[in-house]
Amino acid sequence: MGSLRTQVGIVGAGPAGLLLGHLLHLNGIDTVVVEARSRDYVIDRVRAGVLEQGTVDLLVALGVSTGLCRAGLRHEGLYVTFDGRRHRIDLADLTGGKAITIYGQNEVVRDLIDARSATTRPLYFGAEGVSVHGLETSKPVLRFQHGGTDHEVHCDFIAGCDGSHGICRPSIPAGAQTVYERVYPFGWLGILAEAAPSSDELVYTYHERGFALFSMRSPRITRLYLQVPADEPIESWSDEAIWDEMLTRMTTRDGWRPNVGRILQKSVTPMRSFVAAPMRYGRLFLAGDSAHIVPPTGAKGLNLAASDVLVLTRALRAFYEQGRTEWLDEYSNVCVRRVWRAQRFSWWMTSTLHRFPNESAFDHQRQIADLDYLTSSRAAMTSLAEQYVGLPAEVSFESAGLQLHTASR
Ligand code: FAD
Ligand code: PHB
């Protein structure tokens, strides 16, 4: 049996766990990170791509932005298409110069793993049988097996950063949390294609046959999504059928369409909205997808994870430096307020841009009117823009022990 002692035990090496580990490292707080999957699996997993301005600023302030500054694609606008016409929303003009940056979540995770490795603080990949104990006590324990050995980590706190299928949230007794959930009757079929992006900015499309989204990962790789029925088996979509449907939904009246290329990866993601609150039980603090899930239409999931761990860092820093517990007590309230605003935005983007089974002709005309208003009113565009680039942070970087450097690009 290996017995370790740390200040904060972190379950999960996704964006939430790795960002938290690095934030705490910079504050001199010791952590052990335990991840169920292998290093390669975690890095290769294709997921989000849109970083809010605040998430970019956080990565810069953390000193893990070399790849981001080299390969991140700064976008100052996006397009919304309906009735075959593309309408540009000028994010920078509407928000006083803010923008989003396209940089794959897997690249963010790779950069953070490299930064963690350089600190030589422990990060266990391929951990089995992870479990948490003594959450109501001041010395919670994290147990797991690694390389055939049982490990026990004695902690002051445990951070549950283990995503929507992790073990931390289910370790909270029933009745100690309230769960809010909405399941959508569709999912997204996503592809990565070896094709140069034919637009410099994202295109969100509302089409009679359903939603479609044009995005990218690099000057050579296009990322595209299609609304499909919930639980659609990916095997029922040949590459030809995917391209036919993408082109049918996305080609605009002026002839714009995505470039076609070899499909490198394809998968279907179900869509749901989920919040479990409070995000704390005793000495266990949940962060990221372990506490909340948003449908990807608002591109908020990864950004919410980043904002949670910034709030948690402020609280842990105040505890270790000054023995103060009020920010720990406020952690859930501060995060949940932002979570609900992101939930509302993601729900609105999803409801406005997707076709729903059993929708009436009235519903359809209302959606068109919503999109017409959105793309013709500066007030409506400003509302979308300020939420899309990210609402102001709840806590300052300084309060989490970071110097504020704005992105150099
Ligand atoms: P995760 O990234 O899920 O990380 C949790 C980590 O914990 C994982 O590495 C997991 O292996 C590990 N873990 C799980 N159980 C255990 C355990 N028992 N012990 C130890 N470790 C464990 N958001 C967008 O904005 N745009 C998108 O296009 C988009 N696409 C998505 C596609 C999919 C399939 C999924 C699941 C999510 C997608 N999201 C998207 C959401 C976004 O990727 C998440 O919000 C983000 O990954 C949250 O980060 P996290 O660190 O909280 O959770
Ligand atoms: C992506 O590039 O993967 C992406 C972009 C915008 C979204 C969701 C996903 O809303």
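Notes on the structure in this doc start here. Bear in mind that the values here come from a model prediction, so they are computed numbers and not experimental data.

1. What to know about the overall build of the chain
Right, so step 1: Summing up its helical and strand segments, the chain has eleven helices and 21 strands in all.
Right, so step 2: Computed over the C-alpha atoms, the radius of gyration of the chain is 21 Å, within 12% of the 22 Å expected from 2.2 N^0.38 for a compact globule of 409 residues.
Right, so step 3: Taken along its principal axes, the extent of the C-alpha atoms in the chain is 65 × 45 × 45 Å.
Right, so step 4: Put simply, the chain has 409 residues, and 56% of those count as buried.
Right, so step 5: Taking contacts inside the chain between residues at least 6 apart in sequence as the whole, the part at least 24 apart equals 73%.
Right, so step 6: Looking at the chain as shown, the accessible area adds up to about 16800 Å², and 50% of this sits on carbon and sulfur atoms.
Right, so step 7: When the 42 basic and 45 acidic side-chain charges of the chain are each reduced to a single mean position, those positions are 2 Å apart.

2. Quick word on the sheet that holds strand E16 (residues 212–218)
Right, so step 1: Taken together, the eight strands give an open sheet; going across it, the order is E7-E6-E15-E16-E17-E14-E18-E21, and neighbouring strands pair in mixed fashion. The sheet terminates laterally at strand E7 (85–89) and strand E21 (292–293), the two strands that pair on one side only.
Right, so step 2: Inspection of the sheet shows strand E15 (residues 203–205) paired to E16 by three bridges, in the antiparallel sense. Bridge pairing in E16 links Thr205 to Ala212.
Right, so step 3: Packed on one face of the sheet, helix H10 (residues 361–376) meets strand E6 (78–82) and E7 and runs near 145 degrees to E6.
Right, so step 4: Lying on the sheet, helix H11 (residues 378–388) is in contact with E6, E7 and E15; it crosses E7 at an angle near 65 degrees.

3. Observations regarding the pattern of salt bridges
Right, so step 1: All told, the structure shown has 27 salt bridges when counted by the stated rule.
Right, so step 2: Taking the shortest distance from any N to any O, the salt bridge between Arg88 and Asp90 comes out at 3.4 Å.
Right, so step 3: A relative accessible area of 36% places Arg88 in the partly exposed class.
Right, so step 4: Asp90 gets classed as partly exposed once you look at its relative accessible area, which sits at 27%.
Right, so step 5: When salt bridges with common partners are traced through the structure, they connect Glu52, Lys300, Arg338, Arg341 and Glu394 into a single cluster.

4. Thoughts on the packing of aromatic side chains
Right, so step 1: Summed over all chains, the structure comprises 15 aromatic pairs.
Right, so step 2: With centroids separated by 6.1 Å and ring planes inclined at 90 degrees, the aromatic side chains of Tyr204 and Tyr388 adopt a geometry described as edge-to-face. Of this pair, Tyr204 sits in strand E15 while Tyr388 is found in helix H11, placing the two residues 184 residues apart along the sequence.
Right, so step 3: Take Tyr388: its relative accessible area is 1%, and that puts it in the buried class.
Right, so step 4: In this structure an aromatic cluster arises from ring pairing among Phe157, Phe285, Phe319, Tyr320 and Tyr331.
Right, so step 5: For Arg272, the ring lying beneath its charged end belongs to Phe274, and the centroid distance is 5.0 Å.

Conventions adopted
- Residues numbered from 1 in each chain as written.
- Chains lettered and ligands numbered in written order.
- Predicted model: local features only at pLDDT ≥ 70, side-chain atom pairs only at ≥ 80, totals over all residues.
- Heavy atoms only, no water.
- Helix = DSSP H or I, 4+ residues; strand = E, 2+ residues; numbered from the N terminus.
- Rg over C-alpha atoms; globule rule 2.2 N^0.38 Å.
- Buried < 20%, exposed > 50% of the residue type's maximum accessible area, 1.4 Å probe, protein only.
- Contact = heavy atoms within 4.5 Å.
- Areas by Shrake-Rupley, 256 points an atom, 1.4 Å probe, with all protein chains shown as cover.
- Lys, Arg positive; Asp, Glu negative; His and termini not counted.
- Charge placed at Lys NZ, Arg CZ, Asp CG, Glu CD.
- Pairing = 2+ DSSP bridges.
- Axes fitted to C-alpha atoms, helices over the stretch in contact; angles between N-to-C directions.
- Salt bridge = Lys/Arg side-chain N within 4 Å of Asp/Glu carboxyl O.
- Phe/Tyr/Trp six-rings, centres within 6.5 Å; stacked < 30°, edge-to-face > 60°.
- Lys NZ or Arg CZ within 6 Å of the ring centre and 35° of its normal.

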